[in-house]
Amino acid sequence: MAKLKTGRHTSSLKEVRKAKRRRWANVAAKTGARGLSKEFRAALQAKDAAKVKELLPKVMSSWKKLGNRNTVHPANASRKIARFSRAAHKALKSA
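This text gives an overview of the structure that appears in the document. These numbers come from a predicted model, not from an experiment.

1. A few points about the environment of Ser61
With respect to the helices and strands, Ser61 occurs in helix α2 (residues 49-68). Each C-alpha atom of the pair Ser61 and Ala46 lies 22 Å from the other, and the pair is 15 residues apart in sequence.

Structure below.
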């Protein structure tokens, strides 16, 4: 990239670069949480109680982090956590 003259736009250009980095970090975090959720739902379908017990804290933690950082809306994260918790409790109770 060519050297920029310092002026009124340099800070906004830096903010654009920072926003791009943050966006990709957020995309990666959301992808990871969705992947864990998919794995968790597969364990529920397979009625694998040990796997459900292992994955529930990881799934809850990943969604809680996304909510706390406002990567996803906090209420959305909370709703997902509640539904995962309810599903796990139901699966473990029947197993």
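Moving on, there is more to tell.
2. Side note on helix α3 (residues 74-94)
Taking 1.5 Å per residue, 21 residues should reach 30 Å; α3 reaches 30 Å between its end C-alpha atoms and fits that length. Restricting attention to buried positions, one finds in α3 the residues Ala77, Ile81, Phe84 and Ala88. Mapping the buried residues of α3 onto a view down its axis gives an arc of 70°, with all of them on the same face. More than 90 degrees from the buried face of α3, the exposed residues found are Arg83, Arg86, His89, Lys90, Lys93 and Ser94. Buried-residue contacts for α3 involve α1 (10-45) and α2.

3. Some details on the packing of aromatic side chains
Applying the stated criterion across every chain yields a total of 1 aromatic pair. Pairing Phe40 with Phe84 gives two aromatic rings, centres 5.3 Å apart and planes at 80°, and the pair type is edge-to-face. Placement of Phe40 in helix α1 and of Phe84 in helix α3 is noted, with a sequence separation of 44 residues between them. Accessibility expressed as a relative area gives 0% for Phe40, which makes it buried. Phe84 gets classed as buried once you look at its relative accessible area, which sits at 8%. The positively charged end of Arg23 is found above the aromatic ring belonging to Trp24, 4.9 Å away from the centroid. If you follow Lys80 out to its NZ or CZ, it ends over the ring of Trp63, 5.0 Å from the centre.

Quick notes on the rules
- Residues numbered from 1 in each chain as written.
- Predicted model: local features only at pLDDT ≥ 70, side-chain atom pairs only at ≥ 80, totals over all residues.
- Heavy atoms only, no water.
- Helix = DSSP H or I, 4+ residues; strand = E, 2+ residues; numbered from the N terminus.
- Expected span 1.5 Å × (residues − 1).
- Buried < 20%, exposed > 50% of the residue type's maximum accessible area, 1.4 Å probe, protein only.
- Arc of directions from axis to C-beta.
- Contact = heavy atoms within 4.5 Å.
- Phe/Tyr/Trp six-rings, centres within 6.5 Å; stacked < 30°, edge-to-face > 60°.
- Lys NZ or Arg CZ within 6 Å of the ring centre and 35° of its normal.

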